[in-house]
Each structure stands twice: as structure tokens, then as C-alpha cells.
There are 4 protein chains.
Amino acid sequence: MIVILKQNAQAEQVDRLKAFLGQMGLQIHFSQGENSTIMGLVGDTSRVDPDLIASLDAVEDVRRIQEPYKSANRKFHPADTVVDCGAGVKLGGGSFQFIAGPCSVESEEQVVAVAKAVKAAGATLLRGGAFKPRTSPYAFQGLHGEGIRLLLLARQETGMPIVTELMDLSHLPLFEDVDVIQIGARNMQNFELLKEVGKLHKPILLKRGLANTIQEWLMSAEYIMAGGNAQVILCERGIRTYETATRNTLDLSAVPVLHEKTHLPVIVDPSHATGFSRLVKPMALAAAACGADGLMIEVHNDPKRALCDGPQSLTPEEFADVARRVQLVRTAI
Amino acid sequence: MIVILKQNAQAEQVDRLKAFLGQMGLQIHFSQGENSTIMGLVGDTSRVDPDLIASLDAVEDVRRIQEPYKSANRKFHPADTVVDCGAGVKLGGGSFQFIAGPCSVESEEQVVAVAKAVKAAGATLLRGGAFKPRTSPYAFQGLHGEGIRLLLLARQETGMPIVTELMDLSHLPLFEDVDVIQIGARNMQNFELLKEVGKLHKPILLKRGLANTIQEWLMSAEYIMAGGNAQVILCERGIRTYETATRNTLDLSAVPVLHEKTHLPVIVDPSHATGFSRLVKPMALAAAACGADGLMIEVHNDPKRALCDGPQSLTPEEFADVARRVQLVRTAI
Amino acid sequence: MIVILKQNAQAEQVDRLKAFLGQMGLQIHFSQGENSTIMGLVGDTSRVDPDLIASLDAVEDVRRIQEPYKSANRKFHPADTVVDCGAGVKLGGGSFQFIAGPCSVESEEQVVAVAKAVKAAGATLLRGGAFKPRTSPYAFQGLHGEGIRLLLLARQETGMPIVTELMDLSHLPLFEDVDVIQIGARNMQNFELLKEVGKLHKPILLKRGLANTIQEWLMSAEYIMAGGNAQVILCERGIRTYETATRNTLDLSAVPVLHEKTHLPVIVDPSHATGFSRLVKPMALAAAACGADGLMIEVHNDPKRALCDGPQSLTPEEFADVARRVQLVRTAI
Amino acid sequence: MIVILKQNAQAEQVDRLKAFLGQMGLQIHFSQGENSTIMGLVGDTSRVDPDLIASLDAVEDVRRIQEPYKSANRKFHPADTVVDCGAGVKLGGGSFQFIAGPCSVESEEQVVAVAKAVKAAGATLLRGGAFKPRTSPYAFQGLHGEGIRLLLLARQETGMPIVTELMDLSHLPLFEDVDVIQIGARNMQNFELLKEVGKLHKPILLKRGLANTIQEWLMSAEYIMAGGNAQVILCERGIRTYETATRNTLDLSAVPVLHEKTHLPVIVDPSHATGFSRLVKPMALAAAACGADGLMIEVHNDPKRALCDGPQSLTPEEFADVARRVQLVRTAI
């Protein structure tokens, strides 16, 4: 960590700062420039609050040199984390998994049919929403406990582990048999929720927040890992920009950036990112081409009754085509 | 709501859509253009999911004509909502309130001293963090229940109602005596939390999310109001943009925009928005000038031990100066 | 185009608006709702200024139904445009071209060496900056006319057509022998420049502005095409977002979106978008996977003297590897 | 400037970097940490290209300590610049000026009528567009030379200096008698244009680009000043964000930030920023409250024929009310 002192910093203020930093066990190296003095802090700076230091009268600016995350940092854990999702499905470390299923769980018939169809097409995990975060209080919010029961039924029928979103701690008892718990984009910085799932012994799929940097995302992974749960999967799902042609802007460069910075697996959700089913295929292929460890794709079972499905869902046939071509791309790279 | 059909929409698809919309009690007006056909939907469209309609094969685009919020909409409730914060403090409807206090509650001595100082300078509500959302799991997270106890002590000493942030439903029992519950920016779309505080009989101060539109913000207010709690205060606190000279970009034009769209009071937090104490005064004056109903400002008690305060906190003297000038600006406009 | 009238619009105002729209040759269809009246305008609305209509007292909102671009619109020109870049190099319509070369042209030795190396590795067009837009007036701004002379020398040596950036109309005489003129991101809305290159008979490579929507980009292409020059190549090069891990955020979903909306070819520049050479390969593969018609990649000739090259440049060997894998990905999809 | 070396940097690479920096006359201070080595560069780093250094194999990151602008920097020129706009109108240094007039110049009658009306209401400079940057090639682009002639006529009638936008160098001869030349948002990084107006002896009003940081804006001012023209006025006019309720997001905190960083005067254009006339008044008052040195406001002459004016224009009466209240706010602060 670098602390840049003001030109007119008073000696007394600088001494107080030195004493404070010394108490935290840090060594200080001074660099005297023409217009400013720089203090280089050596030691474990992960507990130093840069905002606090920056607030001091004597300080012009503070810059971090090292990443504030440790457990998630590839520097300290060079080997890829491989997350065991159950039923032998491993995510990360060179494998590639397809998570597919309906946006919302609606009925036993629907979820079992989709589950069988996506399994046949190459999916290895089943997704489906039981608790749905909706912008409007008047919109359908999911089948809740009944939705999870139907997902477990579909798992029984197909053998696929299930992934579903947890929106609030109070619902946690319903998730006991769920294989992978998803934390949605809007909850990426719901720190109480992160702490609690950090105590569980099951994989957590952590979606990126709509306006969160890669570093903030890794700090949220760090929250989970600090609790003892190292089974974290990161899921890029688009960020908010000024562009309105797509629902969000899929930040695919986050995939190779994350592979540098962290050992955690990274998957991509092209369905929610783009908001249009016809953009799912090109963006799924692109995600595979830039090194994603998996894809999360919405699939609906019956194009005839499309009224009940989101605009971003593929048919099982379209999903099968995507899955096949993704494998070809992976072979190519 | 306007539904734009594709040029090549099949009659059968259009008929299915007409039947579906008819079942929802909507009338349909057709407008035949050269390159497209437009359906105007007349009736209560608040329960129609535009994404769902847009997903149909026959549909090119869907545009909302009316706002999806009702309880929060000024069209249906022209008169300003005045929120009673306790102890005779009313927010909205032409009055102006100063909410001031420390970033975090640290000790009885600190919070009582700050409370007395800000009251003397014109503050009418005391703020202070007991539960602190922090990006890093290793940073100080607040005194929790003890923090709330200290705030209540300060209320006893000064008579000022208190405002403090609720981060998770499980902490709700500790907030029984709190006057105004704050929902932080990161929880603006924590829908389970919104639903639950919608059942309470106390004012809710709802901060804008870092990447949320004004419409999404009003939909979150709608979540609270749909539960029966109409005592909602909106607080603009900066949005995330590419500019890095300030922590966030304070969107002051949101103040007059909200005054048009909603009857709820709107306050501004220049401390968190800018991240620098020296920017608090100009932005507080600007907020008053464009019609805000109040300000929320961080104040620390002792510049000598500034190490424990955020870079965005004013001294009580600085706060008194801001409060005095804000009143002058309000008289001017 | 849809015009939504205010609830309290006066009959006189509405009549004046009807007369105004009638004079423009538009038919008007009225749709009377409970809370608003909607006017559907039928006819050629491309010359109607929506901002102007929206400014009227009687009008609540205006929504476009049709795209404001015509020449660039795929609806009116379904077949892919194939741009002839000279020397038999065709861009668009299913082919794939690699544009490669140094960031800045520095010397005959450098540009000829890079040109030969990238040609051997599969490049079909040579890029190189003679006029360099630099944020700082104190930074190197390019060799100008001499730079173009060196590019033409490299073309003579290798047979590759050249692409280089035009920053101002006054430099146009120097570009007479240039094969493809690049309009940079910062000039995407330099409308006088667009009009002038619209009069030329050579291909224009139009980069997307840092904060421009896809629609604005197509409107800038429309400026060029309105002048008579239909040889426009679009180049996605990243947009400005709050994320700082990459220089800009490469918006790859723009590629399939553009292929829907326009018949013009779309290429991707992963070098400038990411700002890091190690991210060029994954993003180049991703661009090919989602359907780009070509890539523009920075290559420097001598890693030993990397001091003179940008952080985003590949070595010729790295470029050859990228080019080879891109072809594999293209075969896969 | 701080250079952070990689953990595994090779001694040979570091030596080459040291030699390179030494040649530039910089001293180097080393700080050896546990996980990284930091080089502090002391001396004139304004000509060092941080991107170039960051591209080296041995380097992990580069951070600037000092601002890259010199002429515009308040550190080196503490006193406010006061720009003489002609006819005794001075901008900056504690005064406050109103620039008002129509969006586009349309006729002698219109521009003279508006000029007289805004002068009576307190305006000291007349604005009006002769060259209009329009997103669409099919939209009205201004009266060009004839528009400037009409503005000069209005100046003759009222004595007010005129401000109008220059879009291209080739139009410069027409601007000989113009008092203040405006560089629009889309041309903020048109570096050739900046260089050329840097050679003139008249004030330049430099609007902020839609997606440009405050630092980039100051670098563009530096371009003008580096040519010898120190008469630069900065104009905040909104930045592009994801919010769509206003045309752009007016970044008022830029005003006090700029007053810290630079000695140049800063004005605000609430008309273009918000895009709605009803938001002009509150945002004009807010701009005055946070310390702006002036305002630029669109005024049209005849509400009856509003069809020819933009949605963001005030009537002269509304402008007079804004001007009067702005003065009250300025007295208050």
C-alpha cells in the first residue's frame, strides 16, 4: 500500500500516522519527491482501511498495491479449484459443464420434461427458479418450497444435481437437499447472506452484481470463503451500461481476467445477460472460446405455449445445437 | 401498453396473443402501418409482463405507456406524503430536515457527543451505523445490538429520533425501538427485506441502489407500500459511473424528477455520494437548491482522532455552517 | 412512431399537432385509453424529430417504432454487404479477414518487418497509425505524412492493402493512396468528417465511440452512406463502463445484434478494447465464435525493444497462434 | 509515478527499465515488500507514458501520483483565471455570467427577439447554434454562415458578445468575429480542432464529452493551453449513464472538484444535460449553489410556435425567473 502525503502535511500529523501504522505491524519506506512524499507500507495491509487513511488531513491519496482478497487469490493458491457439484459433476480445472433448465419451476410435468430434454442434449446440472427476484411486487414470485420439491423430483428422475437461487436466510431450511445454491446478482453484496452460506458445506454459485467490479465480486467470494466454504463458482451475467439493445452488456473479458486473478471456476449466463434467445447461441460459443468453465442457459419445454416462458429461453432442440457447437469450439481452442 | 407486431407475424400467432390479452381483460386497438402493425392495449396493464409478451414469435417489441408503480405514483396521489419520524419531526410536504451523525456508532461518549453537537447545529434526526455493510469481510462491521442501544441512549439524551440501517431480516427484533429504518443501497432490491419492512408501522428510508434507475427505485418503494407501509423516504446517494474523481456520481436531477413522478419525500446524502468531506458543503447546498426535502450528513465528533472516522465526515462546526447556509438557500428559492 | 398525449391535453394543442403532422404527410390513428390517448403515426417518420414532438405541452412521450437509419438497415437491404478492400481482399458476406500491424508506424524497417511477419501468419490487411489521437498534448502523435509513405512502402513489399486513421479533413490529401480509411472512436460523431468520407470511393472502417449506442453507431454509418459511400466496415472496440480491470469493456453481443440490424460487415479490435496483450487471444477467439467478420490486432516486431510498443501488442508468433486458432473456431461454428 | 514490479521480474529486465528511466532524467527509489517491489520515480514524469511502462514484462502495474496536466493545474497557478469574453463581460474569479439564447439560429427576427429578451432578463452573453451536430444525417443541421451573420446582427442590436459552436476547422474563417468559440461535447477529444483553437486569441468554451472523465477533460483544456491560448471556459453538460429519465446525468459534483483541480472557470448547461425545460430551473439553482461561475441556458422566443424549439428551452419569462432566483442563491452562499 502506498500513502501519498500532501505537500503541506504537518510533521505532527505525519508522526501520528506513522505511529498508527507501526501499531498495525507495518514497516514504512519513505520516498521524497519534488512535489510529494510517498510512504510505502510493507507487511500485511489487508486489514488497513484505505478510506480511513485517505481521510487524514496529511494524506493526499492512498493506493493499494496488493489485492484485498486472499482466499480467492490465485497468487496464494495457484491450482484451479474444482467444485464438486454432486453426482460426479465437477466444475473447474479444465472440465466444462452445462447448467440448463427453465427460468421458473411451474409444474412437475414442466420441470421433469425440461430436465430430461436438457440431459439428453448434454446438460449435467439442472437449473430452475423456485424463488424469483422480480422488480415488481405484482409479478409472479415463484412456487417457493413447492418449486424446490419439484426440482428434487426432477433430480430423482434424471440424476442431475440441481442449482436454484436463495434470496433470504429465512428460506435456508428449504435448501437442505439442494446441490448448488445460487446467490443472485442483486444479492452479490448481501453480506449477511454471504456469511451464512460461507458456513455451509455445499457449492455456492455467485452471480456478478449488475454494477459490481471484478474486485468487488472477488471480495464477495472472499466473504463466503472466509466462513470456511471454498466451493465457490463465479457466474458472469452481464453488467449495466448505457447500451439498451441488450438487457445488459455481457462482459466476456471478465472470464480471462478472472482466470488470472483467481483459482475459482468461472461460468457464463448468456440468457440473462442478453435477454434474447436468439443471442444465446453466439454468446455461448464466445464464452466457450474465451475459456469459460461452463454455461448456464435457460431452456423451456414447449414452444407452443411460449407465453409462460421468458424471452431468453431456448427450446431443447436449440439448446442441443448450442451444446454440440460449444464442444466443437472447445476442441478448437 | 403498445405491442409492435412483426411484419411476418402469422395470423394464428396473433390470434393466440389476442385471446391471451383478452383473458386479462384488456381491449386491443389495432394500428396498421406500412412496415408494422401496432396493438394498443387499453385497461389495467400493471399485471402484464412486458418481457413475456416480447418473447412471442409474433412480437417485435413492447413499450409501456404507463408507469408500473401505483401506490408511489403522484398521478394517483397528487398530495405530498409527509412522513412522521417521531418526536414531531415531519419529513416532506415543504419542511426540511437534517439527519446527521457518525458513520459508525463506536461508544456512548462518541455518539452522545455527536448527537448533542448536531442537534445544537440544527439536526432533527440522529443517524449512526450499528450494522455496517463492508466490501471486505475483514473490515469492521459495526457494534450491532450494542450500537442500537447506544443510539437509543443518545435519543434519550437529546430527544432526537434515530435512523439506522437494517441489513437482514434476522436482525429485525433489535430494531423495535428504532424510529426510522434505513434500507441501504446494496439492499434496494433485496425484495424479501422490502416485503417485511412493508408490514411495519414505522418510516423506511430507502436509499437508491448504485446501478438502479429511478423507475426501479420507485418499484422498490412500491414493494414496501404494497405491504401496507406508506411511510417511505427516498434517499439519493450517488450512482455508479465511469468517473473516478468522486466515489459515486450524485444524480441531483433525480430530485426534481422524483418530485414529478412520486408524492414521497426525497432527501440527499452528499457524504456517501462524493466520498470527500470537502465536497459535502457544495453538494448539500445544491441539493437544497434543487428542492430536496432533507439532507443526510456524516458528522464526527473529534478531528483530533480522525483516524476512526470516514473521509467523508464533517466536524460539528462544519456541519453547523452547512446547515445555516442550506437555510439561506431555501429562503432564496 | 407513437405519440402519447397528456391526460389534460387541450383540444387546441392537439389540433395544432395534428395539422403539423398532417403537413408532413403522416396519417394518424387514435387509441383512447383510460389514462392516456395514443396517436399512432403511419407513413415516413424518418424526418420527424421525436425531441421536437416531445417538447409540446400536449405530449407526454414519443416512442419510435422504426429504426431511424435506412441505408444501413438490413430490413431494406437483406443481403450482406461485401467490402472490397483492394488486392482481392473482401470483407463481409462470410469471409474472414485479419487486419494486423503496429500501433504506430515508426520506421521503414519496423513497418516492413511487421508487415511481412503478419502476412506470413495469415493477415490480409496491414494496419498502422500515422496520425495518433493522444489524450495528452505532450505524447507522441505519429509520423503523419511520413508514416503514410512508410505504410505504402510496406504495401509495395507485401501486396497487402493498408488501413490507417484519418483524424481531420485537412489531412485528406495525404490519404489518396490509402486503401481503407479508419475513423477512430473519438471521431465517430465528428459529423463533418463523416460527411466528407461519405463522398469518397474507398472503404471506411468506422470504430464505435466509447459511449455510443449501437443505434448511434448505425446513424454514423448512415451519415457516410447518405453521401453515397456504401463501403462501411463497423469495428467494435470496447465501451466505457465502471469496470477498471480492462481498459474498456468489449461488447461482443454487439456483433450478433449488428448482424440482425444491418447488412454491413462487423469486425472486432480486442487489442484496444482490453488494453492487455494477454487478453487479446481469448477475446479474438470469442469474437470469431460469435460471428465477427474479421479482427484488427496490434502486432509489434521485436519483443526485445518492447519499450516502444503498446501494452496491447502481440509478437508475430503470438499473432500467428491466434490466427491459426481463430480459423479452427470458425470451422467449429 | 509508482512502478510496481512483478514478483518474478528478471534482473536483466529491471536493469533495462532502470536505464530507460534514468535516460529520462528520473531518480528511482526502491521499496522492497514481501510480495512485490515498488519503484518510486522522482522528477518530471509528465512525459512518461504509463501505458508503455505497464506493457513491460517486468511490470505489474503503474500508478500516477501527479496530474498529467500542467497549464490547467491549480497547483501551479493558484489564482482563478478570469476570461474576458468581450464587451466587458468577465467569466471566472467570483463573477457570474448567464449565457442564453436559442438552440438554433433560425431567422433575424427570432434571434434578435430572443437576444433582447434574455438581455433584459439578465443574460450577458448570447448563445445560438449556426452549425448543429445532429445524430441523424436527415435532421436540420443549422444555417451555417448565415446563422453566424444573424448572431452578429443580434450582437449589434444588443451589445452582447456571442458564443457559437465550431464543428470543423474548415469553418474557422466564418468565426473571425465570433467572441467565444464553443467546442461541443462530441469534439472534446477532436485533438486537431483543439490544437488549432489553441492558436487563436479568443476564449474557448470547452464542453465535457459524454463519456469523459474530469481528467481527460482537463487534458483537452491542456491541448488548447499548450498552443498558447489560456482563455478556456469549462462547461459541464451531463454524462452518459444507464439512467434514462433524463437525457444525460448532470454531474454537479464536477463543479467543486474542478475548482480544486484547476484555475479555469466552470459553467453548467442544465438545458442539454436534462433535456427537459421543466428541469432547467432546479438544476440551474443547484449549479449556482455548488459554485458554478455561470450558466448556459436555452431560451426560445415564442411559446405559441413551440414546434420549432427544443424540449429543453425556456420562455424568456421563465429564464428571467431562473436568473433572479440564481442571484438570490448566490447571495445566500
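Chemist: Please clarify how the pairing of strand β9 (residues 162-165) of chain A should be interpreted in this entry.
Modeler: Consecutive residues of a regular strand have side chains that alternate between opposite faces of the sheet. Residues and elements named next belong to chain A. Where burial is concerned, the two faces of β9 agree: the one with Ile162 and Thr164 and the one with Val163 and Glu165 are both buried. The pairing of strand β8 (residues 125-127) with β9 spans 2 bridges and is classified as parallel. Across the sheet, residue arginine 127 finds its bridge partner in β9, namely valine 163. At this point the chain moves from β8, through helix α4 (residues 145-158), to the parallel β9, and the crossover so formed is right-handed.

Chemist: Just to check I follow, could you spell out the pairing of strand β9 (residues 162-165) of chain D for this structure?
Modeler: Here 3 bridges tie β9 of chain D to strand β10 (residues 180-183) of chain D, and the two strands are oriented parallel to one another. What sits directly across from threonine 164 of chain D, in β10 of chain D, is isoleucine 181 of chain D.

Chemist: Is there a simple way to explain the sheet that holds strand β3 (residues 37-42) of chain C in this structure?
Modeler: Strand pairing in a sheet relies on backbone hydrogen bonds, with the paired strands running either antiparallel or parallel. All names here are of chain C. Spatial strand order, β2-β3-β1-β4: 4 strands in an open sheet with antiparallel pairing. In the strand order of this sheet, the two ends are held by β2 (27-32) and β4 (59-63), each with one partner. The average angle at which neighbouring strand axes cross in this sheet is 20°, direction not considered. In terms of strand pairing, strand β1 (residues 2-5) meets β4 through 4 bridges, oriented antiparallel. Looking at the pairing, valine 3 lines up with valine 62 of β4.

Chemist: Even after reading the chapter, I still don't get the sheet that holds strand β11 (residues 204-207) of chain A, so can you show me in this structure?
Modeler: Residue and element names in this part refer to chain A. Around the barrel, which closes on itself, the 8 strands sit in the order β7-β8-β9-β10-β11-β12-β13-β14 with parallel pairing between neighbours. Going from strand to strand, the sheet's axes swing by 25° on average, the running direction of each strand aside. As judged from the 5 bridges shared by strand β7 (residues 97-101) and strand β14 (residues 294-298), these two strands associate in the parallel manner. Looking at the pairing, glutamine 97 lines up with glycine 294 of β14.

Chemist: I keep staring at the domain arrangement of chain A and nothing clicks. Help me out?
Modeler: When the parts of a complex come together, some accessible area is lost, and that lost area is often used as the size of the interface. Structurally, chain A comprises domain 1 (2-63) and domain 2 (83-332). Taking only C-alpha atoms into account, the centre of domain 1 of chain A sits 43 Å from that of domain 2 of chain A.

Chemist: Which parts of the structure should I look at to understand the environment of leucine 206 of chain D?
Modeler: Residues and elements named next belong to chain D. Assignment of secondary structure puts leucine 206 in strand β11 (residues 204-207). Along the sequence, leucine 206 and leucine 194 sit 12 residues apart, while their C-alpha atoms lie 9.4 Å from each other. Not counting residues up to four positions away in its chain, the partners in contact with leucine 206 are Ile183, Met188, Ser220, Ala221, Ile224, Val232, Ile233, Leu234 and Cys235.

Chemist: Can you walk me through the interface of chain D and chain B in this structure?
Modeler: Listed per partner, the contact involves 34 residues of chain D and 34 residues of chain B. Listing elements by their share of the side of chain D that touches chain B, those giving two or more residues are α7 (254-261), α9 (280-289) and α10 (316-332) of chain D. A total of 6 residues in the side of chain D that touches chain B trace back to one element, the largest contributor, which is α9 of chain D. Grouping the amino acids of the side of chain D that touches chain B by side-chain chemistry returns 22 nonpolar, 9 polar and 3 charged.

Chemist: It is not clear to me how helix α6 (residues 214-226) of chain C should be interpreted in this structure. Could you clarify?
Modeler: For an α-helix, the turn length of 3.6 residues means that residues three or four places apart are oriented alike. All names here are of chain C. Between its terminal C-alpha atoms α6 stretches 18 Å, which fits the 18 Å expected from 13 residues at 1.5 Å a residue. α6 sits mainly inside the fold: 10 of its 13 residues count as buried. Ile214, Trp217, Leu218, Met219, Ser220, Ala221, Glu222, Tyr223, Ile224 and Met225 are the residues of α6 that are buried. Looking at the buried side of α6, the elements it contacts are α5 (191-197), β11 (204-207), β12 (232-236) and α7 (254-261). Glycine 228 sits one or two residues past α6 and shows a positive phi near 115°.

Chemist: So what exactly am I meant to see when it comes to the relation of the copies chain D and chain B here?
Modeler: For the match of chain D to chain B, the screw axis carries a shift of 0.0 Å, the RMSD comes to 0.1 Å, and the turn is 180°. Taken together, the rotation and translation describe the operation of a two-fold axis. By C-alpha distance to the rotation axis, the residue of chain D lying nearest is alanine 286 of chain D, at 2.0 Å. Both copies share a contact surface, since 100% of the interface residues of chain D are interface residues in chain B too.

Calculation criteria
- Residues numbered from 1 in each chain as written.
- Chains lettered and ligands numbered in written order.
- Predicted model: local features only at pLDDT ≥ 70, side-chain atom pairs only at ≥ 80, totals over all residues.
- Buried ≥ 20, exposed ≤ 12 C-beta atoms within 10 Å, placed from the backbone.
- Helix = DSSP H or I, 4+ residues; strand = E, 2+ residues; numbered from the N terminus.
- Pairing = 2+ DSSP bridges.
- Right-handed = clockwise from strand over helix to strand, strands pointing away.
- Axes fitted to C-alpha atoms, helices over the stretch in contact; angles between N-to-C directions.
- Domains from an automatic or database assignment.
- Contact = placed C-beta atoms within 7 Å.
- Nonpolar A, V, L, I, M, F, W, Y, C, P; charged D, E, K, R; others polar.
- Expected span 1.5 Å × (residues − 1).
- Least-squares fit on C-alpha atoms with pLDDT ≥ 70 in both.

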